[in-house]
Amino acid sequence: MKHMVKLSNGVSVPALGQGTWFIGDRAGTRKDEIEALRTGIEAGMTLIDTAEMYGSGRSESLVGEAIAPYGREELFLVSKVLPGNANRRNMEKALDASMKRMGVEYLDLYLYHWRGATPLPETVECLIKLKEKGKIREWGVSNFDIDDMEELFGIDGGNGCLVNQDLYHAASRGIEWNLLPWMRERKVALMAYCPLAQAGSLRDGLFASKALEEIAKKHGCSLTQVLLAWDIRDGNTIAIPKAGRKEHSLLNAGADEILLDEEDLAKIDEAFAPPARKMPLDVQ
Ligand SMILES: NC(=O)c1ccc[n+]([C@@H]2O[C@H](COP(=O)([O-])OP(=O)(O)OC[C@H]3O[C@@H](n4cnc5c(N)ncnc54)[C@H](OP(=O)(O)O)[C@@H]3O)[C@@H](O)[C@H]2O)c1
């Protein structure tokens, strides 16, 4: 993988990783999904994003099976705690259960999936404690907009947040208005979810975009590769496309080879304008 993102703790991770939502849900697709994840790992997408929520633990279990042949240090494993578990009573138990399903003894990154009722200082205190215990190397958040990030950074230890995972693709650019610049300034990396807009289903016409098709033709690549190359263009963003088939994993890893130029970026801006005002955070 050519494109790496250097996180503020000095660790470099591949700019293209692998998502796992809906992976592991059906027995009939299990073999293909394991093959897809392994193909992705071997093509350099060694960062894997999962969550206790996905299939109520089934995705984590499938990830555990897929990664079994690889050395732990070769991988960067991310999981997420549900809001209902992001408290003193439950967080460590939830993490232990996630790690057990994945067959690992630590996570590289543990994210607070989205904000719930627990006061933020309590959640941060729990995350810091798990880091001190060595069960997680780093922690971060997900689905946090600028107000949430400001509140987080106002809390003791809150500025230890390494990553914010938010929805980001060419047809959903609202976070460029003020959240992304805010994160850049504080060296909080963006982990972009739904980078393929769920195979285009989140935006009518995205996969039929003339602009994207023309750029794909120019680079001799697929439209999905243009979307991924666009997502990681600033060197500070990690995109985590999910693929349940190895053909897709190979295509996604190959997006690393595509370098969009000024002309391509201008064309995308014309087709999918950057925000002209604050937009509500797009979530899935
Ligand atoms: N933090 C959060 O709240 C949150 C929310 C949503 C998602 N996420 C994370 O982000 C990951 C990615 O988001 P997502 O899974 O919702 O959507 P996505 O990655 O944008 O899209 C996944 C869809 O795209 C298809 N696909 C993958 N590669 C393709 C290719 N090269 N060509 C054509 N189609 C392709 C997949 O099909 P196949 O499966 O058939 O290959 C699947 O249907 C998730 O899996 C999850 O890990 C986090």
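Residues numbered from 1 in each chain as written. Predicted model: local features only at pLDDT ≥ 70, side-chain atom pairs only at ≥ 80, totals over all residues. Heavy atoms only, no water.

Asker: Which residues make up the packing of aromatic side chains, and what values do they have?
Answerer: Going through the model one piece at a time under the given rule, you end up with 5 aromatic pairs. When the ring centre of Tyr 106 is taken as reference, the NZ or CZ atom of Arg 72 above it lies at 3.8 Å. (Phe/Tyr/Trp six-rings, centres within 6.5 Å; stacked < 30°, edge-to-face > 60°. Lys NZ or Arg CZ within 6 Å of the ring centre and 35° of its normal.)

Asker: Outline the packing of helix H1 (residues 30-42) against helix H2 (residues 58-67), supporting the account with residue identities and numerical values.
Answerer: Between H1 and H2, the least distance of the axes is 9 Å, while the angle of their chain directions is 55 degrees. With respect to H2, the axis of H1 lies oblique. The two elements H1 and H2 cross, and the hand of that crossing is right-handed. Judged by residue contacts, Arg 30, Glu 33, Ile 34, Leu 37, Arg 38 and Ile 41 of H1 engage Ser 61, Leu 62, Val 63, Glu 65, Ala 66 and Ile 67 from H2. Looking at the contact of H1 with H2 residue by residue, the classes come out as 7 nonpolar, 1 polar and 4 charged. (Axes fitted to C-alpha atoms, helices over the stretch in contact; angles between N-to-C directions. Helix = DSSP H or I, 4+ residues; strand = E, 2+ residues; numbered from the N terminus. Parallel < 35°, antiparallel > 145°, perpendicular 65-115°, else oblique. Left-handed = near helix turned anticlockwise from the far one by under 90°. Contact = heavy atoms within 4.5 Å. Nonpolar A, V, L, I, M, F, W, Y, C, P; charged D, E, K, R; others polar.)

Asker: If you had to explain the pattern of salt bridges to someone new, which residues and values would you point to?
Answerer: Under the defined criterion, the tally for this structure stands at 27 salt bridges. A salt bridge links Asp 145 to Lys 278, with the shortest nitrogen-to-oxygen separation between them at 2.8 Å. Pair noted here: Asp 145 is in the loop between strand E6 (136-142) and helix H5 (146-153) and Lys 278 is in the segment after helix H10 (262-271), with a separation of 133 residues, a long-range link. Lys 278 sits in the partly exposed class, given a relative accessible area of 34%. A salt bridge links Arg 203 to Asp 282; its shortest N-O distance comes to 3.8 Å. (Salt bridge = Lys/Arg side-chain N within 4 Å of Asp/Glu carboxyl O. Buried < 20%, exposed > 50% of the residue type's maximum accessible area, 1.4 Å probe, protein only.)

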